[in-house]
Each structure stands twice: as C-alpha cells, then as structure tokens.
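Coordinate analysis (summary)
Chain by chain, the residues run as shown.
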Amino acid sequence: MKANENYLNVKESYLFSDIAKRVNNFMEENPDKKDKVIRLGIGDVTLPLAPVVVEAMTKAVAEMGVKETFRGYGPEQGYDFLRNKIVEYYKKNIISIEADEVFISDGAKSDVGNITDLFDKENTVMIPDPVYPVYVDTNIMNGRKIIFLNATDENDFCPTPIGEKADIIYLCSPNNPTGAVYTKEKLRQWVDYALANDAVILFDAAYELFITEDNLPRSIYEIDGAKRCAIEFCSLSKTAGFTGTRCGYTIVPHDLKVKRSKLLGRKGDGDISLNKMWLRRQTTKFNGVSYIVQRGAEAVFTEEGQKQIRENLGYYQQNAKVIADTMTELGIEFAGGINSPYIWLKCPNHMGSWEFFDYLLENIMVVGTPGAGFGKNGEGYFRLTSFGDKDKTIEAMKRFKALFSGSSEE
Ligand code: PLP
C-alpha cells in the first residue's frame, strides 16, 4: 500500500489551537481576568435556530416515528420539496435555475472539498490569498498546482484575473476572512476569463444573505454567461444558524460543459456535463441529508422563515456595525462589516497579526483571529466577527476605544 503522500504537503493548521492555547495560558496566569475575556474570533453563530425551523423539524421527527409517514433513504441529491423551494428563492433574485441543478448538501465545506473529484489532477488552480483554507488544502491533497492571487487593500481584497492561465478558480464573496464583496463588474471579468480559457469558477456564496447594499451580486449567476462556467456553493450555516444542524446546497448548471479530452481517445463525442458527473459522484459517495434537517431547511425558505432568519442576521449586522463604527472612529483601516459578518482590520502601529493578538488579549482581554492564519497576505491583519453576543461586542468596542484613543472610558 502506498499512502497519498500529497497529504504530507498539507500544512498543519495550528491557528485555532494556538489561539486556544494562548487564551488558556493568559487565563491561568491571570485568574482575576478570566471572566473578562471576550471572544470575537469565532466564525460560529450564537443565536438558536428560528422558531419555524424548530417547528418543522419537530413535526418531521414525529413523522419519522409513525409507520405511515416514516422515511428511510431519501434521494441523494435532496428531496424535491427543498430543491423546488431553492428554485423559487433564486427566482426572487431573477435567476432561473432548474430543480435538478440544485444538489442538497450537508454544508458548503463538504461540497467545496468534494467537488475536486470532478477535475483532473493536471489542472492548475487559482486561489486568492488570504483565503478560507479548505480550497487550498483539498487541492494540495489532490496534488494540484496552485497559483495564489494577492487579495490586498490595493484591489479592495477582490483580485481580478492576472496574466496567468488557470483551469479552476475559487472565488468567495462575501469573503471569509476579508469581508470584501465582488462587484458585478469585477465578477464579470472572471466570467469572461473563465469562458475564454475553458476554466471553471467555484463560487462560494456561503455569506450571500449578509449583503445589504443594492447592486452587489449575491449569486454569480447574476452575471450573464456564468451558467456556462460556474458552480455555486451555498450554506444555511451562517445565514440560518445551521452550523450544527448541517445543510447547504450546490448549483451545478446544465449549461456547464467541459470539453472531452482528445487524449482519452474514448468513443463518443460532445462535451461532458459537470451536472451529470456531480450527480454520479453524489449518488455513489453520498447518501443525502436527513429528512428532518431538509424539512427544517424548507422552513427557512418560507415567508415566515425568511423574516425570522433576517431578524437573526439583523442582530449580527448590528454587531458588525458597532465594530465597524468603532474602527472608523479610531481611524483603524478595515474592510468588511457592511455586507459581511467579518471585519478585517489592519493592525495598528504596524504590528504583526500575532503581536496584535497578544496586545489585545493582555490589555483589553479581547480575542480575535490573526490574519496570518489565512495566508501570507493576512500578515499584519486581524479578523473580528459579529457572531458574538451583543452586549459583549459593545463592551469589547468600549475597551478598544479606551486602549486606542487613550481615553479612560472604561
Ligand atoms: N465557505 C466559507 C467561506 C466559510 O467561511 C465556511 C465556514 O466557515 C464554509 C464554507 C463552511 O460552511 P458549512 O458550515 O456550510 O460547511
């Protein structure tokens, strides 16, 4: 047996364990300050599921306990009741998709990682830096060549095509960790690039519902031609509190075709449908999301469900505003926070990411995430999230003001 030694090339991720270690050490050394620590580093939601979701799931559990309504294996690609709801959801955004282009998943992470099954190892992959690490690590595991794109303040953290050619492009908008959002114009450049280069765009829209400003695209399919070159990944994790419940969906359009390799010398001609390949992949390796969870997800897309999840989003958006306003007041440069739950700030006084982490922890007991953990361009940056408790977020920002404006507000 030979192991897949590409795994040896995947960097160990110490980011969150390092953070936990430093916080624990601090609390041990300063037991009197232990209860004052405020965590604004987490990327997990803190509000519970919306009442309509709980109600739908409870009803589904009851159905599972009765012979007549019990369900065993469901369709691997998801129940029609949920796929149809997602079609309607897209229609409201004036995007027309078909139910069999929607694949229900147990979250965006699995699909973003598993989609690599469809692509040859010889493809070159383009990934912005800093980045959600799953794109990088899954491609390293497969042994693909990666070209990194610099996402910096010079390009508003939304890089556009560079001279080099790539076959697979990862875009995440609104972005984790930078909070930046692609404009339609910038996204169009990528769609044009992909169509011209026979490339595919893997578009991660896990935070689409955090977009509040008009005219910013919430789906890549708002760009003409995208159905011929893009797969879109969505998640109910952050938008509807499903991080623990697990549900997402992936759109693989029928128009998305890949040229058949002449080298294979296979019989038959015509292009290969990625929709068909993904269906084959999912029906072979995946057995679907539980009926109960899909009923809960269905409730998210009802009128009442949308109203309730937007209330929760409003809570996080208010936290984001409190953080963003504080940074503005203190003259600390940042991106995100308006159309995203993340605030990506430039560490003041040219501090490094970890240096700033320690500085905040020791002086005001606020925990965030060092940008360096998301790639080389993250050095010197720091991520704060709006997923925390409202009062704690306000308190953390008071402490920020006291620390950076020299006031004695605290
Ligand atoms: N995509 C991005 C950009 C994320 O930040 C996350 C989670 O933090 C995910 C996908 C994973 O989402 P899910 O919980 O649906 O697997």
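The shown structure was predicted, so the numbers you read here are calculated from the model rather than taken from an experiment.

1. Brief notes about the site of the ligand
- Close to the ligand lie 14 residues; Asp204, Tyr207, Ser235, Ser237 and Arg246 are nearest.
- For the ligand, an oxygen atom lies 2.8 Å from a polar atom in the side chain of asparagine 176.
- Taking tyrosine 207, its side chain carries an N or O atom lying 2.6 Å from an oxygen atom of the ligand.
- Expressed as a share of its isolated accessible area of 400 Å², the protein-covered part of the ligand is 91%.
- The cavity where the ligand resides is the largest pocket.

2. Things to note about the domain arrangement of the chain
- Split into domains, the chain comes out as domain 1 (13–42 + 305–403) and domain 2 (51–301).
- Relative placement of domain 1 and domain 2: their C-alpha centres are 28 Å apart.
- Listed by partner, the interface residues are 26 residues for domain 1 and 32 residues for domain 2.
- Each partner contributes to the roughly 2,400 Å² buried at the junction of domain 1 and domain 2, and carbon and sulfur atoms together form 57% of this total.
- Three residues stand out in domain 1 for area buried against domain 2, namely Asn339, Phe374 and Asn377, and they jointly supply 25% of the buried area on that side.
- One can count one salt bridge joining domain 1 with domain 2.

3. Here we look at the nonpolar core
- Core analysis: the largest hydrophobic core is formed by 101 residues, its most contacted members being Tyr90, Ile201, Phe242, Tyr249, Leu384 and Phe400.
- Three or more residues apiece are contributed to this core by two domains, here domain 1 (13–42 + 305–403) and domain 2 (51–301).
- Leave out the neighbours within four places in its chain, and leucine 384 touches Leu40, Ile323, Met327, Pro341, Tyr342, Ile343, Leu345, Gly368, Met397 and Phe400.

4. Things to note about helix H11 (residues 353–364)
- For H11, which comprises twelve residues, the first-to-last C-alpha distance of 16 Å matches the rise-based estimate of 16 Å (1.5 Å per residue) to within 8%.
- If you follow the buried residues of H11, they end up packed against helix H1 (15–29), strand E12 (342–346), strand E13 (366–367), strand E14 (369–370), strand E15 (381–385) and helix H12 (390–404).
- Of the residues one or two after H11, methionine 365 is the one with positive phi, at around 60 degrees.

5. A few points about the side chain of serine 235
- Looking at where serine 235 falls in the secondary structure, it is placed in strand E7 (residues 230–235).
- For serine 235, a relative accessible area of 9% corresponds to the buried category.
- In terms of polar contacts, serine 235 uses its side chain to reach the backbone amide nitrogen of serine 237, at 2.9 Å.
- If we skip the residues at most four places from it in the chain, serine 235 touches Ala108, Ala206, Cys247 and Gly248.

6. A closer look at the packing of aromatic side chains
- By the definition in use, this model includes 23 aromatic pairs.
- With a centroid separation of 6.1 Å and 70 degrees between ring planes, the pair formed by tyrosine 249 and phenylalanine 301 is classed as edge-to-face. One end of the pair, tyrosine 249, is in strand E8 (residues 248–251); the other, phenylalanine 301, is in the loop between helix H9 (291–300) and helix H10 (303–330), and 52 residues separate them in sequence. Accessibility assignment for this pair places tyrosine 249 and phenylalanine 301 in one class, buried.
- Three or more aromatic residues link up through ring pairs in this structure, and these residues are Tyr207, Phe210, Tyr315, Tyr316, Tyr342 and Phe387.
- For arginine 83, the ring lying beneath its charged end belongs to phenylalanine 103, and the centroid distance is 5.8 Å.
- Taking the ring centre of phenylalanine 81 as reference, the NZ or CZ of arginine 295 above it sits at 3.7 Å.

What counts as what
Residues numbered from 1 in each chain as written. Predicted model: local features only at pLDDT ≥ 70, side-chain atom pairs only at ≥ 80, totals over all residues. Heavy atoms only, no water. Near = heavy atom within 4 Å. Polar contact = N/O pair within 3.5 Å; in protein donor to acceptor, adjacent residues only side chain to side chain. Areas by Shrake-Rupley, 256 points an atom, 1.4 Å probe, with all protein chains shown as cover. 1 Å grid on protein atoms, 1.4 Å probe; cavity = no way out; pocket = protein on both sides within 12 Å on 5 of 7 lines; lining within 4 Å. Sits in = over half its atoms within 2 Å of the grid points. Domains from an automatic or database assignment. Contact = heavy atoms within 4.5 Å. Buried area = accessible area lost by both parts, 1.4 Å probe. Salt bridge = Lys/Arg side-chain N within 4 Å of Asp/Glu carboxyl O. Core = buried A, V, L, I, M, F, W, Y, C linked by side-chain atoms within 4.5 Å. Buried < 20%, exposed > 50% of the residue type's maximum accessible area, 1.4 Å probe, protein only. Helix = DSSP H or I, 4+ residues; strand = E, 2+ residues; numbered from the N terminus. Expected span 1.5 Å × (residues − 1). Phe/Tyr/Trp six-rings, centres within 6.5 Å; stacked < 30°, edge-to-face > 60°. Lys NZ or Arg CZ within 6 Å of the ring centre and 35° of its normal.

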